[in-house]
Amino acid sequence: MTIDTSQPPPGGKLVAAAKPSLLLGEHSLCPGCGEPVALRVLLEVLQELDIVRRTIGVVGHGCYGSFVRIMDVDVLQCLHGRAPACATGIKRMRPDTAVFTLQGDGDMANEGLQEVLHAAARGEKITCVMLNNGVFGDTGGQQTATTVIGQRTKTSLDGRDPETHGFPVPVADLIAQLRGAAYVARAAVSTAAGVAQTKRMLRKAFEVQLSGAGFGLVEILTMCPTGWFVPAADGPGYQGGTMEQAYPIGELVTP
Amino acid sequence: MELLEGSAAIAESAIVAGCRFFAGYPMSPFTGLLENMSHKLPAAGGVFINAESEIEGVNMAIGAAATGARAATGSCGQGIALMQEAIAEAALNETPMVVFNMARNQQDYFQCTRGGGWGDYRTITLAPKDVPEAVEHTQKLFHLADRYRAPVILYGDPLLAQTRVGVTIEKRDYGPLPPKDWALDGSGGGTGHSRQIWTWAMGKATDPGPGPDRHWRAIATKFENILDAEQLHEQSDVDDADTVVVAFGSAAKFVEYVVRELRQEGHRIGWFRPVTLWPFPGGALTAATQRARRVLVFELNAGQMIDDVRIHAADRSAVRFIGGVSIAESGLAYGELLDAPMLRSLILSEGDR
């Protein structure tokens, strides 16, 4: 299916919501990508909590890395997978700031699983955000640790087979087992309701950090139609039928 | 003056220098420094983290340094190998930090001076010959790291880590430093001029940075400037010497002793010690070896610094290797080569050829 952008969308008049003032420009990601949606609600939360002027972001490596250019927040762009370690150093030296990481599944679940597990176990007062689309989007759609069983990727052409490729890693569920984790939730931006829920979860994760209760993680399932090899408009439906079946949405740990 | 083990003395010197963050992972003989920092740094108002890996430790230090704090980490050999990606990253995104390589031997010369990370970067490396000098170098390194916004290395060894000597730890003044106006504190958010520490230096959509091409050229220029400005060496009796012995670190202290003995016996011999391994004091070595018929390289490895000596010796064909791999059975100390009578016979047998 392709979208005919020459025609207005069916079902009445749509008005674009006001752009968060922390967005400095247009994103450069693919049509149908879920990551800009997640970024938008993240920036809205920073504004609503009025912590914009004391927030430091630590951004890993993936498509979302390009957000460093369009988010008006102090940022350390770090090595692949190491954002929770860098965020730890920042937060320990500047406890007065709000520190978050922005990572993908390749960044957090593949390259940097150790970093996020130990940061959670130590109860670091940081908020880790994982944008989980089950593929390496930035490199064109290879298998990650969170690729679901049966999913076709460029390095699992016949679909992920546990015999050959092993089983997916449910990051939020792992983190939820650790006592240092004060807030753990899994969200999805595939529907309007899901976007609103994602925002509520991010807000809680930051509130937990600001109250000093401990480590927070929000795993956000984000569409990647390019990496899934489906038409852009099919992304939300594909995600609902695959990723969201394997990774249940909801809060796993609350204060 | 206080009687202190090298590891304790270096820890105290780092704290006096203003180090307020240290993260590391145990590995002997670095472990002593880690243990000392674990209680001395918090007592001084700093933060210590017993990191879960060397990779975590060095990346924590990058985070701490990104806030403008004086930060450090350390390990030895294999652990420093794990840190190489992050050391390169710190060089390219310009986060200053001190890396203590309390090595097991002298086999890390290439690792310190060439590095194993990616990109066009170098690491200033100081190799003290004894504990009092390590105390001094520790403070100098924090200054150099901030001055050049770069990771720098102290190359120590078991003798520096574990020898107990009388030392005085006092703050040294190396002059003014540029303000850390690049440090992240969150206050840039929402201003349209938020700060960014990024190896690719792309800047913001509304405020573009130099980008990787210009940024990495500027870094390369910076290291060229350091190459000219920061060379340090020590030498003695080279002016009329037929034989000049070149050594670094603890080995140089043995060389100094043996050469002094041979001088007193009438041999025309001198010694040369690079204090900075990078930048290597090449011009000084060329001058010091002008008259030498033999340039003997003594290092406790299979021959690493000898590459730099060959590049800079006045006569390349005069360079001979008298060092070698020499490790105690424990793997944690030097072997039989680091011994004054042994060194004396090595020098004399080469001198006769």
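Look up a bit, the structure's there.
Predicted model, so just to flag it, every value in this text is computed and none were measured.

**Q** I tried to follow the environment of B:V98 on my own but got confused; where do I start?
**A** Residues and elements named next belong to chain B. Locating V98 in the fold gives a position in strand β5 (residues 97-102). Look at V98 and you get buried, because its relative accessible area is 0%. Considered as a pair, V98 and E85 are 13 residues apart in the sequence and their alpha carbons are 15 Å apart. Every residue in contact with V98, bar those within four places of it in the chain, is listed here: A71, A72, T73, L141, F142 and V152.

**Q** Just checking my understanding: could you explain the layout of surface pockets for this structure?
**A** In this approach a probe as big as a water molecule rolls over the atoms, and the regions it shows empty are the leftover space. Quantified by volume, the second largest pocket comes out at close to 350 Å³. Elements that contribute at least two residues to the lining of the second largest pocket include exactly α4 (77-93), β9 (196-197), β10 (203-204) and β11 (207-208) of chain B.

**Q** Could you clarify how one ought to interpret the packing of aromatic side chains in this entry?
**A** Residue and element names in this part refer to chain B. With the rule as written, the count across this model stands at eleven aromatic pairs over all chains. Considering the side-chain rings of W200 and W216, the 5.2 Å spacing of their centres and the 65° angle between planes classify their relative orientation as edge-to-face. One end of the pair, W200, is in the loop between β9 and β10; the other, W216, is in helix α8 (residues 211-229), with 16 residues separating them in the sequence. Between F223 and W278, the aromatic rings sit 6.1 Å apart at their centres with planes inclined by 75°, giving edge-to-face as the arrangement. On the criterion of sequence distance, the pair formed by F223 in helix α8 and W278 in strand β15 (residues 276-278) is long-range, its members being 55 residues apart. The structure contains a cluster of three or more aromatic residues connected by ring pairs, namely F22, F30, F48 and F100.

**Q** Where do I start with the interface of chain B and chain A in this structure?
**A** Quoted interface sizes are often the accessible area lost when the parts come together. With 41 residues of chain B at the interface, the matching set in chain A holds 34 residues. Here chain B and chain A share an interface that buries about 3100 Å² over both sides, 59% of which is from carbon and sulfur atoms. Inspection of the chain B/chain A interface yields three salt bridges. With a closest N to O distance of 2.6 Å, A:R122 and B:E52 form a salt bridge. For the pair chain B and chain A, the interface holds 23 residue pairs in polar contact (both at pLDDT 80 or more). Where the side of chain B that touches chain A is concerned, the elements lending two or more residues are β2 (19-24), β3 (47-50), α3 (54-66), α4, β9 and β10 of chain B. Looking at which element gives the most residues to the side of chain B that touches chain A, the answer is α3(B), with eight residues. When the residues that make up the side of chain B that touches chain A are grouped by side-chain class, the tally is 16 nonpolar, 17 polar and eight charged. By the bridge criterion, two bridges tie strand β2 (residues 74-77) of chain A to β9(B) in an arrangement that is parallel. Bridged to A:L76 within β9(B) is B:I197.

Definitions and cut-offs
Residues numbered from 1 in each chain as written. Chains lettered and ligands numbered in written order. Predicted model: local features only at pLDDT ≥ 70, side-chain atom pairs only at ≥ 80, totals over all residues. Heavy atoms only, no water. Helix = DSSP H or I, 4+ residues; strand = E, 2+ residues; numbered from the N terminus. Buried < 20%, exposed > 50% of the residue type's maximum accessible area, 1.4 Å probe, protein only. Contact = heavy atoms within 4.5 Å. 1 Å grid on protein atoms, 1.4 Å probe; cavity = no way out; pocket = protein on both sides within 12 Å on 5 of 7 lines; lining within 4 Å. Points joined across faces, edges and corners; volume = space filled by probe spheres on them. Phe/Tyr/Trp six-rings, centres within 6.5 Å; stacked < 30°, edge-to-face > 60°. Buried area = accessible area lost by both parts, 1.4 Å probe. Salt bridge = Lys/Arg side-chain N within 4 Å of Asp/Glu carboxyl O. Polar contact = N/O pair within 3.5 Å; in protein donor to acceptor, adjacent residues only side chain to side chain. Nonpolar A, V, L, I, M, F, W, Y, C, P; charged D, E, K, R; others polar. Pairing = 2+ DSSP bridges.

Geometric values such as these leave the question of function open.
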